[in-house]
Amino acid sequence: MAAERARAGQSVPACSLCSRPAVLIQRERNRYLCAPHLIADIEERVGLTITRENMIASGDCIAVGLSGGKDSTALLLLLHTLLESRTDVRIVAVTVDEGIAGYREETVRSAECLVRDLGIEHYVFSFTELFGDTLDGILRGRESRACSICGILRKKALITGAEQAGASRLATGHNLDDEAQSVLMNVLRGDLVRLARNSSAASGGRFIPRIKPLMYIHEKEIAAYLLVRGAWADLPECPYACHALRREVREMLGGLEYEFPGTMLRLLESRKAVTGICSTRSAGEPFRHCAVCGDPCSGEICQLCRLRQSLNR
Ligand code: SF4
Ligand code: ZN
């Protein structure tokens, strides 16, 4: 980032669109941006993604999954800014407290401050009230599976929260880095069905379409956006993150993106191509309903019920 050069005492390059000092370099586009041009660029690209992918329609109530971390904080700020003049769309925030000691308390507090400042309705759900225990308790002796277990339970908690808030869409803060990592992880696990599945495809029953308005914005652009909007907060990292395959993939992809700008975007485009090819085949078939709980799913039994059976809960 250009700001890092300034801290290191090196001269800061000028914005490619004006003469102000740059705060970020966009390597794919080979240009530098100052704070006002960075804000304008991010807001314009997120707005375009929402329009191009038909993410929001008149009458929608958008539940924003707000962990209090940087991605979801940026998402709520951006949606609040972009939808401010829309009286036909409502935003609410849903926070899930997984129960991770030394980590979650601070991010939940950060989420509470943000919704208070923006005047947004806030719903908070805990794993304890939904699943009878904290994530720390559920994971005892299974720490190496932390993220896959947490991911399944959190998805259910967010959907429950969105339903209780009367939302028609669930917005999550997944950024370009997250999405590219997921594509690669699905390939590495050999899970091509999941790779081809479109999580925002509408279907009947209790399915709430998910939208990811930040899916074309790099993680470092989000960090810079928060910094220049004065919304950056230093928060602790989840203690279970060290067990994740994602961590390895993240480092590898970060290196590839640096050497070959545009790598992450091309991975997303590959997924789109695979989803398109499969849309007439089995991966594109409409969701079925879980034989145990009745939730929409792609197989006989949903991921959550399979997990519950394996955990004896
Ligand atoms: Fe859950 Fe893993 Fe994220 Fe921690 S790092 S909050 S365990 S998904
Ligand atoms: Zn500029």
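What you are looking at is a predicted structure, and each value in this text was computed from that prediction instead of being measured. (Residues numbered from 1 in each chain as written. Chains lettered and ligands numbered in written order. Predicted model: local features only at pLDDT ≥ 70, side-chain atom pairs only at ≥ 80, totals over all residues. Heavy atoms only, no water.)

Visitor: In this structure, what is going on with the overall build of the protein? I would like to understand it.
Guide: Looking only at helices and strands, one finds 13 helices and 9 strands in the protein. Sorting the 313 residues of the protein into buried and exposed places 45% on the buried side. Sequence-distant contacts in the protein: of pairs separated by 6 or more residues, those separated by 24 or more amount to 69%. When the accessible surface of the protein is split by element, carbon and sulfur atoms take 51% of a total near 15700 Å². (Helix = DSSP H or I, 4+ residues; strand = E, 2+ residues; numbered from the N terminus. Buried < 20%, exposed > 50% of the residue type's maximum accessible area, 1.4 Å probe, protein only. Contact = heavy atoms within 4.5 Å. Areas by Shrake-Rupley, 256 points an atom, 1.4 Å probe, with all protein chains shown as cover.)

Visitor: Could you clarify how one ought to interpret helix α2 (residues 35-52) in this entry?
Guide: Think of an α-helix as turning once every 3.6 residues; residues three or four places apart then point the same way. For α2, with 18 residues, the first-to-last C-alpha span of 26 Å sits near the 26 Å given by 1.5 Å per residue. The set of residues buried in α2 consists of Leu-38, Asp-41, Ile-42, Glu-43, Arg-45, Val-46, Gly-47, Thr-49 and Ile-50. Packed against the buried residues of α2 are β1 (24-26), β2 (31-33), α3 (70-82) and α10 (219-228). A positive phi of about 50 degrees marks Asn-54, the residue just after α2. (Expected span 1.5 Å × (residues − 1).)

Visitor: I'm lost on the side chain of Asp-41 in this one. Help?
Guide: Within the element layout of this structure, Asp-41 appears in helix α2. One polar contact links Asp-41 to Gln-26, side chain to side chain, over a distance of 2.9 Å. Residues within four places of Asp-41 in sequence aside, it is in contact with Gln-26, Arg-29, Arg-31 and Leu-33. (Polar contact = N/O pair within 3.5 Å; in protein donor to acceptor, adjacent residues only side chain to side chain.)

Visitor: How should the coordination of the zinc ion (ligand 2) be read in this particular structure?
Guide: Each angle at a metal carrying four tetrahedral donors should ideally be 109.5 degrees, and each at a metal carrying six octahedral donors should ideally be 90 or 180 degrees. Protein coordination of the zinc ion (ligand 2) is provided by Cys-15 (SG), Cys-18 (SG), Cys-34 (SG) and His-37 (ND1), with donor distances spanning 2.0 to 2.3 Å. One can describe the donor arrangement at the zinc ion (ligand 2) as tetrahedral, given that its 4 donor atoms subtend angles of 100 to 114 degrees at the metal. Each donor residue of the zinc ion (ligand 2) belongs to the same chain, and together they define the spacing C-x2-C-x15-C-x2-H. The exposure class assigned to Cys-15 is buried, which follows from its relative accessible area of 5%. (Donors = N, O, S within 2.8 Å, 3.2 Å for Na, K, Ca; no water. Tetrahedral: all angles 85-135°; square planar, octahedral: opposite > 155°, others 65-115°.)

Visitor: Just to check I follow, could you spell out the sheet that holds strand β4 (residues 90-97) for this structure?
Guide: Taken in spatial order, the 5 strands make up an open sheet running β5-β4-β3-β6-β7, and their pairing is parallel. Each of the sheet's edge strands pairs with one partner strand only, and the pair in question is β5 (121-126) and β7 (210-211). Two strands pair when backbone bridges link them, and β4 and β5 are joined in this way by 6 bridges, in the parallel orientation. Each residue of the ladder has a partner; that of Thr-95, found in β5, is Val-124. The strands touched by α3 within the sheet are β3 (61-65), β4 and β6 (169-171), with β3 carrying the most contacts at an inclination of about 155 degrees. Taken strand by strand, helix α7 (residues 146-164) contacts β3, β4, β5, β6 and β7, and its axis lies near 145 degrees from that of β4. (Pairing = 2+ DSSP bridges. Axes fitted to C-alpha atoms, helices over the stretch in contact; angles between N-to-C directions.)

Visitor: Even after reading the chapter, I still don't get the site of ligand 1, so can you show me in this structure?
Guide: With respect to spatial proximity, the complete set of residues near ligand 1 consists of Cys-147, Cys-150, Arg-154, Cys-238 and Tyr-240. Each residue belonging to the shell around ligand 1 can be placed in one class, and the counts come to 4 nonpolar, no polar and 1 charged. (Near = heavy atom within 4 Å. Nonpolar A, V, L, I, M, F, W, Y, C, P; charged D, E, K, R; others polar.)

Visitor: Which parts of the structure should I look at to understand a nonpolar patch on the surface?
Guide: A cluster of nonpolar side chains, contributed by Met-252, Leu-256 and Phe-260, occupies part of the molecular surface with about 280 Å² of accessible area. In this structure, Met-252 sits in helix α11 (residues 245-259). Judged by its relative accessible area of 43%, Met-252 is partly exposed. (Patch = residues over 30% accessible without salt bridge, like charges linked within 9 Å, V, L, I, M, F, W, Y side chains within 5 Å. Salt bridge = Lys/Arg side-chain N within 4 Å of Asp/Glu carboxyl O.)

Visitor: Whenever I open this one, the packing of aromatic side chains confuses me. Can you help?
Guide: By convention here, two paired aromatic rings are described through the distance between centres and the angle between planes. Following the criterion strictly, the structure yields 1 aromatic pair and no others. Their ring planes at 85 degrees and their centres at 5.2 Å tell us that Phe-127 and Phe-131 sit as a pair that is edge-to-face. Here the residue Phe-127 and the residue Phe-131 both occupy positions in helix α5 (residues 127-131), the gap between them amounting to 4 residues, near one helical turn. Like Phe-127, the residue Phe-131 is buried in the burial classification. Cation over ring: Arg-27 sits above Tyr-258, and NZ or CZ is 4.1 Å from the ring centre. (Phe/Tyr/Trp six-rings, centres within 6.5 Å; stacked < 30°, edge-to-face > 60°. Lys NZ or Arg CZ within 6 Å of the ring centre and 35° of its normal.)

Visitor: Explanation requested: the nonpolar core in the structure shown.
Guide: Burial of nonpolar side chains together is a common tendency in soluble globular proteins. Counting 50 residues, the largest nonpolar core has Ile-56, Ile-62, Val-64, Leu-76 and Leu-79 as its most contacted members. Here this core takes 6 residues from α3, the largest share from any one element. For this core, the two domains that each supply at least three residues are domain 1 (1-33) and domain 2 (44-282). Apart from the residues lying within four places of it in its own chain, the contact partners of Leu-79 are Ile-50, Ile-56, Ile-62, Val-64, Glu-84, Ile-91, Ala-171 and Pro-213. Judged by nonpolar contacts, the second largest core, of 34 residues, contains Val-96, Leu-139, Leu-158 and Cys-305. (Core = buried A, V, L, I, M, F, W, Y, C linked by side-chain atoms within 4.5 Å. Domains from an automatic or database assignment.)

Visitor: Explain unusual backbone geometry here, please?
Guide: Excluding glycine, a negative phi dihedral is what most residues carry, and trans is how most peptide bonds are arranged. One non-glycine residue with positive phi stands out, namely Asn-30, at about 50 degrees. Relative to the elements of secondary structure, Asn-30 occurs in the loop between β1 and β2.

Visitor: I tried to follow the environment of Leu-226 on my own but got confused; where do I start?
Guide: Its location among the elements puts Leu-226 in helix α10. Exposure remark for Leu-226: the relative accessible area of 2% places this residue in the buried category. With residues near it in sequence (within four places) discarded, Leu-226 still touches Lys-70, Thr-73, Ala-74, Leu-77, Ala-231 and Trp-232.

No statement about biological role is implied by the geometric values presented.
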